[in-house]
Every structure is written in structure tokens, then in C-alpha cells.
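Okay, here's what each chain looks like letter by letter:
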Amino acid sequence: MANLFADLDTSTDHIIAFPDTLFSRNNFCEIHLSDFSFQNKAPPVFLIKDLFEEAVSKEFYDYRIIAMDASKSHYFTSIAGTSNLQSFVYRIHPINSIFTAEAFAICQALDELSVTDKSLLLLTDSYSVLQALKRLTIKSLKVIHRLAGKILVRKKF
């Protein structure tokens, strides 16, 4: 199971579910956008850290945790990912948007940092990429198709 920090219960507004045409409605991928108290930015940073550690120890104690991010300047676009065992950092062509870089960072994390014998907890700050997965169509960007395909392949394991 991959968790992209969502219950597939579509009755709540903060849930993102994959289109039925791509995936069957099962719990192999959940996206949590505001389910946990640490996702609220109002508390002080030290409290958010404590709340995050508590949620992980209670809800995701048996998961492999992977975090990834992307950054962009006028000259460079970079992606990075880390887990408790390894990490990666790459520069990609600066013509890429931050959206593409964030999606590519998740793809790269699934390629390089995931293991098949454990469920994954993927930490990302890219709401727009998660929304693009929700609206996946034949006209979606290639990087979103690539990410959806990697998630589907991961499901088969």
C-alpha cells in the first residue's frame, strides 16, 4: 500500500481518489491531505514535529517512509528523495516546471527508494500533483501518466 499524505471515502472534501477507470476502488493507495493534526500549520513547529512522530508511530509503524521534494531557480531544477536507508538528488533540465519536477521526484522515489516487501508512506507537499492524479485522463501530462503507471505497478507487488 502506498500512502501519499486519504481514506478512499469520497464523502469528505479533502480526499483524492484515483479515477475508477484507472484503478479499482480498493485501499492500495490512500492520500491524506488533512486527516492528521500535524497537517495543520497553526501549531508551533516543535508541536507539529511531535504530532507527526506520534502519528507515524501509531498509524504507520510498519511502513517504509519516503520523503521527496523539488526546487526550481532560474538556472536549476532539482529533485530529491530520502528514506531511512538511502537518498537521491538530481538536477533535471531547468525548462521543467516545478509541477513536473514534483511529479518526477515521486516517480524517482518509487524507482529508487521503495521496497516490495513493505507498505510505503510517501511524504510530498505537491497538492497539484495529487489533484492531477485525481483528474487523470488521456490528455493528462506524460509525467502524471508515468506516475500513475508506477503506482499501478507498485500495487501488483
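Calculation criteria
Residues numbered from 1 in each chain as written. Predicted model: local features only at pLDDT ≥ 70, side-chain atom pairs only at ≥ 80, totals over all residues. Heavy atoms only, no water. Helix = DSSP H or I, 4+ residues; strand = E, 2+ residues; numbered from the N terminus. Buried < 20%, exposed > 50% of the residue type's maximum accessible area, 1.4 Å probe, protein only. Areas by Shrake-Rupley, 256 points an atom, 1.4 Å probe, with all protein chains shown as cover. Salt bridge = Lys/Arg side-chain N within 4 Å of Asp/Glu carboxyl O. Axes fitted to C-alpha atoms, helices over the stretch in contact; angles between N-to-C directions. Parallel < 35°, antiparallel > 145°, perpendicular 65-115°, else oblique. Contact = heavy atoms within 4.5 Å. Core = buried A, V, L, I, M, F, W, Y, C linked by side-chain atoms within 4.5 Å. Polar contact = N/O pair within 3.5 Å; in protein donor to acceptor, adjacent residues only side chain to side chain. pLDDT = per-residue confidence, 0-100. Phe/Tyr/Trp six-rings, centres within 6.5 Å; stacked < 30°, edge-to-face > 60°. Lys NZ or Arg CZ within 6 Å of the ring centre and 35° of its normal.

Within an unreviewed UniProt entry, the label attached to the protein reads RNase H type-1 domain-containing protein, and the organism entered is Araneus ventricosus.

Caption draft 1: Molecular detail of the overall build of the protein. Along the protein, the regular secondary structure elements total four helices and six strands. Moving toward the C terminus, one meets the helices and strands of the protein in the order β-β-α-β-β-β-α-β-α-α. Sorting the 157 residues of the protein into buried and exposed places 45% on the buried side. Accessible area of the protein: about 9100 Å², with a carbon and sulfur share of 56%.

Caption draft 2: Geometry of the pattern of salt bridges. All told, the structure shown has three salt bridges when counted by the stated rule. Taking the shortest distance from any N to any O, the salt bridge between Glu53 and Lys49 comes out at 3.2 Å. Of the two residues, Glu53 and Lys49 both sit in helix H1 (residues 45–59), four residues apart, roughly one turn of that helix. A relative accessible area of 41% places Glu53 in the partly exposed class. Across the pair Lys58 and Glu54 runs a salt bridge whose closest N-O atoms are separated by 3.0 Å. Note that Lys58 and Glu54 are positioned in helix H1 at a spacing of four residues, about one turn of the helix.

Caption draft 3: Summary view of the packing of helix H2 (residues 98–112) against helix H3 (residues 127–134). At a minimum axis separation of 9 Å, H2 and H3 run at an interaxial angle of 75 degrees. In terms of orientation, H2 and H3 fall into the roughly perpendicular class. On H3, the residues touching Phe99, Glu102, Ala103 and Ile106 of H2 are Ser128, Val129 and Ala132.

Caption draft 4: The nonpolar core, seen in detail. Ile79, Ile144 and Leu147 are the most contacted members of the largest nonpolar core, which has 31 residues in total. Elements that contribute at least two residues to this core include exactly strand S3 (63–72), strand S5 (87–92), H2, strand S6 (119–123), H3 and helix H4 (142–156). With nine residues, the top contributor of residues to this core is H2. In contact with Leu147, not counting residues within four places along its chain, are Ala103, Ile106, Cys107, Leu110, Val129 and Leu133. Among the nonpolar cores identified, the runner-up in size contains nine residues, and Phe36, Ala55, Phe60 and Leu123 belong to it.

Caption draft 5: Region of interest: the side chain of Ser140. Within the secondary structure layout, Ser140 lies in the loop between H3 and H4. Take Ser140: its relative accessible area is 17%, and that puts it in the buried class. Only 2.8 Å separates the side chain of Ser140 from the backbone nitrogen of Thr137, close enough to count as a polar contact. Residues in contact with Ser140, not counting those within four places in the same chain, are Arg135 and His145.

Caption draft 6: Just the confidence of the model for the protein, in detail. Per-residue confidence for the protein gives a mean pLDDT of 82; residues scoring 70 or more make up 81%. Confidence drops under pLDDT 50 across residues 5–16; counting only partners more than four residues distant or on other chains, this segment forms 44 contacts. Note on residues 21–25: pLDDT is under 50 here. Beyond four places in sequence and across chains, it has 12 contacts.

Caption draft 7: Spatial organisation of the packing of aromatic side chains. Per the counting criterion, the structure on display carries five aromatic pairs. Both rings, one in Phe36 and one in Phe60, keep their centres 5.7 Å apart while their planes meet at 65 degrees; by these two values the pair is edge-to-face. Taken together, the positions of Phe36 in the loop between strand S2 (29–30) and H1 and Phe60 in the loop between H1 and S3 put the pair 24 residues apart, joining distant regions of the chain. Of the two residues, Phe36 and Phe60, neither departs from the other in class, the shared state being buried. Ring geometry for Phe38 versus Phe52: centroids 5.1 Å apart, planes at 90 degrees, classification edge-to-face. With a gap of 14 residues between them, Phe38 in the loop between S2 and H1 and Phe52 in helix H1 connect regions that are remote in the sequence. Overall, the relative accessible area of 24% leaves Phe52 in the partly exposed class. Through pairs of rings, three or more aromatic residues link up here, namely Phe36, Phe38, Phe52, Phe60 and Tyr63. The aromatic ring of Phe76 is capped on one face by Arg91, whose charged end is 3.7 Å from the ring centroid.

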